[in-house]
Amino acid sequence: MRRYLPYIAILAAMIMWAASPIMTKVVLGVLSPLMLVTMRFMLAVLLMAFIGLICRRFPSMQGFALQRVERKDIPLFLLCGFVQPFLYYMFETYGLQLSASPTVSEVLLSTSPIFAPLFAWVLIREKVTLYNIAGILLSTGGVVMMVLAGNSGFEMGSPWGVLLLLLAVFSAVFYTIILRRIPSVYNSLSIVFWGQLVSLLLFFPVFCIVDLPGLLSKGLPQGDWGMALGAVGYLAVCSSVIAFILYCYTIRYIGVTRANAFNNIRPVFTALLMLIFFDEHLPLFKWIGMALVIVGLFICQYRGLRN
């Protein structure tokens, strides 16, 4: 049973991240993207600091205790926080603004499992099997089928938008490489906390330069603040703390290639959540695409599930 725990953890993380676009849409009706990410990671960092410091007092909860970073490991943690969430969110946000078609954006953002084996093999010499490659290609094809189903618009838009979205993908993959390089003496909460603290320290001055002058002159934006703050709470607690910790835990056990392959199941969970809670219609091609994603994931994980 123990060998299945990383897979249960990453599926739970993907379900939480699958709901993130829905929550983000609610928040962006009131807050700007930079204000959202700044509030989100500020709450996440405060929550992890509280949990980590409390757990340090109890020997039985040392797995969630906040650890100090050794001087020799500081560059890895700085790079970790710089790459994701900071670079990823900056590239993704402005890439989406410059992209003419949401369809193109979703297709590009779904390509991280394709690049992960190459990055993992070149940078950390992680073994990549034919099962990994075949499963990733099949599941990515399923994601593309889901995205294209019912979408007629396929304009590329600005090449800068395409470039920024690809850079977001590379940032996400490189983040998983860094996680594999961080020594195993650090627990997942400490890794996520220090990384997100670095990101917050980068986001905050950008927010002060871009958004704060407008807030001071015009005041707070109008809207449903109750719904917005509830959604920010979800993004902070579930998406930024719990999901990141589970994802970090999984990568250290099953590797970069197989962990990244699970990113393809996020659109499946999002589609199912929209079906369950918003009664959104799913055409036949989306169901076929979802089936291909699931089959592809099983193929990609084949060796790991057997061991």
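Residues numbered from 1 in each chain as written. Predicted model: local features only at pLDDT ≥ 70, side-chain atom pairs only at ≥ 80, totals over all residues. Heavy atoms only, no water.

K.L.:
Looking at this structure, how should I read the nonpolar core?
P.N.:
If you look at the biggest cluster of nonpolar residues, it comprises 80 residues, and the most contacted ones within it are Met 14, Val 27, Leu 179, Ile 191, Phe 203, Phe 262 and Ile 265. The dominant element in this core, judged by the number of residues it contributes, is helix H11 (residues 225-254), at 14 residues. Counting six residues, the second largest nonpolar core, distinct from the first, contains Ala 116, Ala 120, Ile 124 and Ile 177. (Core = buried A, V, L, I, M, F, W, Y, C linked by side-chain atoms within 4.5 Å. Buried < 20%, exposed > 50% of the residue type's maximum accessible area, 1.4 Å probe, protein only. Helix = DSSP H or I, 4+ residues; strand = E, 2+ residues; numbered from the N terminus.)

K.L.:
How should I be thinking about the side chain of Thr 257 in this particular structure?
P.N.:
Assignment of secondary structure puts Thr 257 in helix H12 (residues 256-261). By relative accessible area, Thr 257 is classed as buried at 1%. Not counting the four nearest positions on each side in its chain, Thr 257 is found in contact with Ala 116, Pro 117, Ala 120, Glu 126, Val 128, Asn 132 and Ile 136. (Contact = heavy atoms within 4.5 Å.)

K.L.:
Looking at this structure, I do not really get the packing of aromatic side chains. What am I missing?
P.N.:
Ring pairs (aromatic) are described by centroid distance and by the angle formed between their planes. Per the stated rule, a full pass over the model turns up 15 aromatic pairs. Ring pairs connect the aromatic residues Phe 41, Phe 82, Phe 86, Tyr 88, Tyr 89 and Phe 203, which therefore count as one cluster. Between Arg 125 and the ring centre of Trp 121, over which it is positioned, the NZ or CZ distance is 4.7 Å. (Phe/Tyr/Trp six-rings, centres within 6.5 Å; stacked < 30°, edge-to-face > 60°. Lys NZ or Arg CZ within 6 Å of the ring centre and 35° of its normal.)

K.L.:
Where do I start with the packing of helix H13 (residues 266-278) against helix H14 (residues 284-300) in this structure?
P.N.:
Helix packing for two helices is described by the angle between their axes and how far apart those axes are. Packing of H13 against H14 leaves a shortest axis separation of 10 Å and a crossing angle of 140°. Between H13 and H14, the angle is such that the two are oblique. When the axes of H13 and H14 are compared, the crossing they make is left-handed. Residues Val 268, Leu 272 and Leu 275 of H13 touch H14, and the partners they reach there are Trp 287, Met 290 and Val 293. (Axes fitted to C-alpha atoms, helices over the stretch in contact; angles between N-to-C directions. Parallel < 35°, antiparallel > 145°, perpendicular 65-115°, else oblique. Left-handed = near helix turned anticlockwise from the far one by under 90°.)

K.L.:
What should I look at first to understand the confidence of the model for the protein in this one?
P.N.:
In regions of low pLDDT, the predicted coordinates are not meant to be interpreted in detail. Model confidence for the protein is summarised by a mean pLDDT of 87, while 94% of its residues fall at 70 or above. By mean pLDDT, the top-scoring element of the protein is helix H9 (residues 188-210) (95), and the lowest-scoring one is helix H15 (residues 302-306) (57). (pLDDT = per-residue confidence, 0-100.)

K.L.:
What is the right way to look at H11 in this model?
P.N.:
With 30 residues, H11 should reach 44 Å at 1.5 Å per residue; the first-to-last C-alpha distance of 40 Å fits that figure. The largest bend in H11 is about 30°, located at Ala 243. Residue Asp 224 occupies the N-cap position of H11, its side-chain oxygen lying 3.3 Å from the main-chain nitrogen of Gly 226. A positive backbone phi angle near 95° is found at Gly 255, which sits one or two residues after H11. (Expected span 1.5 Å × (residues − 1). Bend = angle between axes of the 7 residues up to and from the residue. Polar contact = N/O pair within 3.5 Å; in protein donor to acceptor, adjacent residues only side chain to side chain.)

K.L.:
I tried to follow the environment of Gly 223 on my own but got confused; where do I start?
P.N.:
Locating Gly 223 in the fold gives a position in the loop between helix H10 (212-218) and H11. Sequence separation of Gly 223 and Leu 28 is 195 residues, and the distance between their C-alpha atoms is 10.0 Å.

K.L.:
Honestly, the pattern of salt bridges in this entry has me stumped. Any pointers?
P.N.:
A pair can form between side chains of opposite charge whenever their charged atoms are brought close. Evaluated as defined, the whole model comprises two salt bridges. The partner of Asp 73 in a salt bridge is Lys 72, with the nearest N and O atoms 3.4 Å apart. (Salt bridge = Lys/Arg side-chain N within 4 Å of Asp/Glu carboxyl O.)

K.L.:
Would you explain the environment of Phe 269 in this entry?
P.N.:
Counting through the fold element by element, Phe 269 comes out in helix H13. Taking the relative accessible area as the measure of exposure, Phe 269 reaches 17% and is therefore buried. Residues Phe 269 and Thr 111, spaced 158 residues apart in sequence, show a C-alpha to C-alpha distance of 17 Å. Excluding residues that lie within four positions of it along the chain, Phe 269 makes contacts with Leu 11, Met 14, Ile 15 and Ala 18.

K.L.:
Explanation requested: the side chain of Ser 239 in the structure shown.
P.N.:
Along the chain, Ser 239 turns up in helix H11. Among the residues examined, Ser 239 registers a relative accessible area of 0% and is labelled buried. At 2.6 Å, the side chain of Ser 239 and the side chain of Ser 20 are in polar contact. Sequence-distant contacts of Ser 239, that is, excluding residues within four places in its chain, are made with Met 16, Trp 17, Ser 20, Arg 40, Tyr 234 and Phe 244.

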